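# Reading the structure
Each chain, written out:
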Amino acid sequence: MDSVQKFSVVLPLHNEEENLKELHSRLKAVLEGLGGPYEIIFVDDASTDRGFETLRDINANNPFVRVIRFKKNCGESAALAAGFNAARGEIIITMDADLQSEPRDIPKLIEKLNDYDVAWGRRVKRQDDPIRNMFSWGGNLARRLLIGDAAMDAGSPLRVMKRAVVKKVNLFKGLHRFYPTLCRMEGFRVIEIPIAHYPRTHGQSKYNIRNRLFKYAVDLLAVKWMHSRHIDYEIIEELDERAS
Ligand code: UDP
Ligand code: MG
């Protein structure tokens, strides 16, 4: 399968065994409805459940499914980066593999790529527990105040992007939570669109306040630094006789 696909869906996952079949069948229905060739790339970030066996099965029965398996757990940003590197699509779509977002929201984000480079789902009614929602709200507020970036839900996993975006924006560990900020920094046009959000019914969230708060604060400062030191220039004229 070397041809360029129209859509590449990149799904980072760690121990999401019970969600994978349902996620694949919902995605398949939506992608077939869109028309045009597609691929679904599951990036297994060294799951310790039987998720990889499930993926092997899905792959054996579906020619448009690709599976990448990490040797050891490297984190969500690394899984996304591996998926972006492998993607052959003109339009790249990302989601969590936890069924908390609904593939049916994808087409309305894709429509926005007529005018924008990145369309981002904003989870208007978050269905996580109140403490997590509160910290997420606080994290988003701190980012908006410190960096002046408008995104209300920068950590939302449902995103649709043009290929040029994922090829240009560099990811670092943890920075998937700042992806819209990084995209804007590189000059891409970003829009946030309301999407539905559902409670997790299978598997567990890999993050909690303890393992996230300190890292988020450090990452926020790193992004603030990058933002303030970003190289930004406009060339008005260039004289180079050898170029003609
Ligand atoms: N994930 C991953 N590697 C990790 C942690 C998480 O690939 O080390 C995946 C996870 O399986 C899910 C997505 O990244 O598909 C986001 O994680 P999760 O849903 O647990 O985070 P939350 O949405 O609760 O913040
Ligand atoms: Mg999730």
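Whatever comes next refers back to the structure up there.
Attention here is on the structure that accompanies the text.

What counts, and where the lines are drawn
Residues numbered from 1 in each chain as written. Chains lettered and ligands numbered in written order. Predicted model: local features only at pLDDT ≥ 70, side-chain atom pairs only at ≥ 80, totals over all residues. Heavy atoms only, no water. Donors = N, O, S within 2.8 Å, 3.2 Å for Na, K, Ca; no water. Buried < 20%, exposed > 50% of the residue type's maximum accessible area, 1.4 Å probe, protein only. 1 Å grid on protein atoms, 1.4 Å probe; cavity = no way out; pocket = protein on both sides within 12 Å on 5 of 7 lines; lining within 4 Å. Points joined across faces, edges and corners; volume = space filled by probe spheres on them. Helix = DSSP H or I, 4+ residues; strand = E, 2+ residues; numbered from the N terminus. Nonpolar A, V, L, I, M, F, W, Y, C, P; charged D, E, K, R; others polar. Near = heavy atom within 4 Å. Polar contact = N/O pair within 3.5 Å; in protein donor to acceptor, adjacent residues only side chain to side chain. Areas by Shrake-Rupley, 256 points an atom, 1.4 Å probe, with all protein chains shown as cover.

### Examining the coordination of the magnesium ion (ligand 2)
Protein ligation of the magnesium ion (ligand 2) involves Asp96 (OD) and Asp98 (OD), the donor distances falling in the range 2.0 to 2.1 Å. Overall, aspartate 98 belongs to the buried group, its relative accessible area being 5%.

### Brief notes about the layout of surface pockets
Considered as a void within the structure, the largest pocket measures approximately 1,100 Å³ in volume. Together, 48 residues line the largest pocket, and Glu76, His176, Arg177, Tyr207 and Arg212 are the ones closest to its centre. For the lining of the largest pocket, the elements supplying multiple residues, two or more each, are strand E1 (5-13), helix H3 (76-86), helix H5 (130-147) and helix H8 (209-228). For the lining of the largest pocket, the class distribution of residues is 14 nonpolar, 16 polar and 18 charged. Arg122, Arg123, Val124, Arg126, Asn133, Ser136, Trp137, Asn140, Arg144, Met152 and Asp153 together form the lining of the second largest pocket.

### Quick look at the site of ligand 1
Taken together, 17 residues are adjacent to ligand 1, and Pro12, Glu16, Asp45, Ser205 and Lys206 come closest. Between aspartate 45 and ligand 1, the recorded distance is 2.6 Å, taken from a side-chain N or O atom to a nitrogen atom. At 2.7 Å, a backbone N or O of lysine 206 approaches an oxygen atom of ligand 1. Surface burial for ligand 1 is 93%, taken as the share of its 520 Å² of free accessible area covered by protein chains. Residues belonging to the shell around ligand 1 are distributed by class as follows: 4 nonpolar, 4 polar and 9 charged.

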